[in-house]
Amino acid sequence: MVSLWWALPAAAAAFLAGRRPGRTRSTALALGALVSLGVVALSVVPGWLPRGSRFVAVVVIATMIPWFAGRFWRQYQELVRAGWERAEQLHREQRLIADQARLRERARIAQDMHDVLGHDLSLIALSAGALKLAPGLEEHHRRAAGEIRTRAAAAVERLGEVIGVLREETEDAPTRPSASSLAHLAAEASVSGLVVELHVDGEADGLPTVVERAAHRVVQEALTNIAKHAPGAKATVHVTHTPTETKVVVENGPPSFTPTVRPMSGGRGLIGLDERVRLAGGSFEYGPRDGGFAAVARIPHAPPPQLPPPTTATASPPGSEPLPEHRQARRRVRRALVATVMLPLLTGALLSGALTGWEMLSASQSVLEPGDYARLRVGQDRSEVEPLLPNRQTPYRPQAPEPRGHGTTCEYYAMTADRFDDRSGDAYRLCFRDNTLVSLDALTS
């Protein structure tokens, strides 16, 4: 019944059954039926009791462990598949976030250009109006100046309409750099409680408007992120102007304390800065540095003929949570791992304990007392011997040749039921021929 030759195919079948989807109820019923069958067999045939440990090994090692290993493998594959699906979804979400941030930043740039071009066109209209009223101007020149003024005013109005279409309805008006620009921005941050050091190297006179506004946006967004994500940290703003480019470095050290509630952020501000700097022909880098964070922008004064391609965002948005399917798959894998380790151990321990208890009970009912053994004599009839014998025989029989002869049967009885006794495993052998005791032997294992 418990030959080990079929343990390998049984283990393979159990592993394949564990890999199949479905409930565990049928498997539990089958395992319960197998254990019940083994208990009944040991009860009906006490001679199989020494093989009980092999039966427990087959149930635990060749059945339960392979089945739970197959179940764990299947649920681990489900977790991997859920992880890849989650990664693909995050990648799609991040691309959408990046596209939205770039569009929003382009709308801000369009508004900035509206301010600059609108101001210049208004000056042109004002100059044309003054020219129209100049004394001594010929009539055709006066009409030309009037047409210039009218067209400039119409251009300002059409420019406002176009920019209004580009701007989002829910978007606030973009912040424009003030007269003092970066110095004023650092002062406002200091008033709000942020420690800011501003260092400006080089001359900023004659900077292109695109460069000036891009540098202002980099500093503004970086200081906002520091105040939001690193409260109490010291911020350092270093702006370097050279004849060919402007370099902006905004960095901060570690925060003085960790906020209890981390602010939600999708990284839209940094993506928008990258888009603005890219459209200016520059490069933008950001990341952890020396326990803090740093943002570095390089903006050329003369944009290159071809703009660099947009940066592909690969990081998941901060604060994003796993999908319910992913969380459920992880819980199933954890439960399967615990079940794979614990249930076979518990089952083996319970079966081993039950087997040990059954062996002790069987042993206690198969002990032939030494005094009773001493009263036995060769030649006695079975009817005289049976009152001295225990209820059952011991299943443990030392290896020794039995007497031969027609009608000869031998019975074995334990010397002690104590598993820690030196005589444990030893037995008395009584052999009968035609219901007559013909042999008495004390056998040691």
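The structure we're discussing is the one just above.
The rules behind these values
- Starting afresh in each chain, residues are numbered from 1 along the sequence in its written order.
- For a predicted model such as this one, the threshold for reporting local features is a pLDDT of at least 70, and the threshold for listing and counting side-chain atom pairs is 80 or more; totals across whole chains, interfaces and linings nevertheless cover every residue.
- Each side-chain value is derived from all of the structure's non-hydrogen atoms; neither hydrogens nor water enter the calculation.
- Between 30 and 60 degrees the pair is tilted, below 30 it is stacked and above 60 it is edge-to-face, where a pair is any two Phe, Tyr or Trp rings, Trp via its six-membered ring, whose centres lie within 6.5 Å.
- Numbering of helices and strands runs from the N terminus, with a helix taken as a DSSP run of H or I at least four residues long and a strand as a DSSP run of E at least two residues long.
- Using a 1.4 Å probe on the protein chains alone, a residue whose accessible area is under 20% of its type maximum counts as buried, one over 50% counts as exposed, and one in between counts as partly exposed.
- Whether a charge lies above a ring is judged from NZ of Lys or CZ of Arg, which has to be within 6 Å of the ring centre and within 35 degrees of the ring normal.
- Cysteine sulfur pairs qualify as disulfides if the two atoms are within 2.5 Å.
- Strand pairing is assigned whenever DSSP detects at least two bridges linking the two strands.
- Lines fitted to the C-alpha atoms define the axes, with helices restricted to the stretch that makes contact. Angles between their N-to-C directions range from 0 to 180 degrees.
- By definition in this entry, angles of less than 35 degrees are roughly parallel, angles greater than 145 are roughly antiparallel, angles of 65 to 115 are roughly perpendicular, and the rest are oblique.
- The contact rule is simple, with two residues in contact once any of their heavy atoms fall within 4.5 Å.
- Three classes are used, and their members are as follows: Ala, Val, Leu, Ile, Met, Phe, Trp, Tyr, Cys and Pro are nonpolar, Asp, Glu, Lys and Arg are charged, and the others, Gly among them, are polar.
- The arc in question is the one spanned by the directions pointing from the helix axis to the C-beta atoms.
- Here the term patch refers to residues with relative accessible area over 30% and no salt bridge, with like charges joined within 9 Å and nonpolar side chains (Val, Leu, Ile, Met, Phe, Trp, Tyr) within 5 Å.
- Residue exposure ignores everything except the shown protein chains as possible cover, and the areas themselves are Shrake-Rupley values with a 1.4 Å probe.
- Salt bridges are defined by distance alone: a side-chain nitrogen of Lys or Arg within 4 Å of a carboxyl oxygen of Asp or Glu.

(A) Seen up close, the packing of aromatic side chains. On inspection of all chains with the given rule, the structure shows 3 aromatic pairs. On the numbers, 4.1 Å between centres and 15 degrees between planes, the contact of Y373 with Y428 is stacked. Separated by 55 residues along the polypeptide, Y373 in helix 9 (residues 370-374) and Y428 in strand 7 (residues 427-433) bring together distant segments of the chain. Judged by its relative accessible area of 19%, Y373 is buried. Residue class for Y428 comes out buried when judged on its relative accessible area of 6%. Among the aromatic residues, those joined into a cluster by ring pairs are F284, Y286 and F293. The lysine or arginine in question, R382, covers the ring of F432, its NZ or CZ lying 4.0 Å from the ring centre.

(B) Region of interest: the state of the cysteines. Scanning the model with the defined rule gives 1 disulfide in all. Note on cysteine connectivity: C410 is disulfide-linked to C431, with sulfurs 2.1 Å apart. Between C410 and C431, the disulfide has an S-S torsion of 100 degrees and is therefore right-handed. Of this pair, C410 sits in strand 6 (residues 408-414) while C431 sits in strand 7; the two residues are 21 residues apart in sequence, bridging distant segments of the chain. When sorted by exposure, C410 lands in the same class as C431, which is buried.

(C) Structural detail: the sheet that holds strand 4 (residues 283-289). Pairing is mixed in the open sheet, where 5 strands are placed in the order 1-2-3-5-4. At either margin of the open sheet sits one strand with a lone partner, and together these are strand 1 (196-201) and strand 4. Going across the sheet, the axis of each strand differs from the next one's by a mean of 10 degrees, ignoring polarity. Where strand 2 (residues 235-241) lies against strand 3 (residues 245-252), 7 bridges are found, and the strand directions are antiparallel.

(D) Spatial organisation of the packing of helix 5 (residues 182-191) against helix 6 (residues 209-229). Helix 6 packs onto helix 5 with a crossing angle of 10 degrees between their chain directions and a minimal axis gap of 10 Å. In terms of axis orientation, helix 5 runs roughly parallel to helix 6. Side by side, helix 5 and helix 6 meet where L182, L185 and A189 of the first sit next to A215, H216, V219, Q220 and L223 of the second. Within the contact of helix 5 with helix 6, the residues separate by chemical class into 6 nonpolar, 2 polar and no charged.

(E) Summary view of the environment of L121. Along the chain, L121 turns up in helix 3 (residues 52-132). Residues L121 and R149, spaced 28 residues apart in sequence, show a C-alpha to C-alpha distance of 9.1 Å.

(F) Representation of helix 5 in the model. Within helix 5 the residues assigned to the buried category are L182, L185, A186 and A189. Summarising the axial view, the buried residues of helix 5 lie within an arc of 95 degrees, below the 170-degree limit, and thus occupy one face. Buried positions along helix 5 lie against strand 1, helix 6 and strand 2. Within two residues after helix 5, G193 carries a phi angle of roughly 110 degrees, on the positive side.

(G) Region of interest: a nonpolar patch on the surface. Residues L337, V338, V341, M342, L343, L345 and L346 make up a contiguous nonpolar surface patch of about 620 Å² in total accessible area. By the secondary structure assignment, L343 is in helix 8 (residues 324-364). Accessibility expressed as a relative area gives 37% for L343, which makes it partly exposed.

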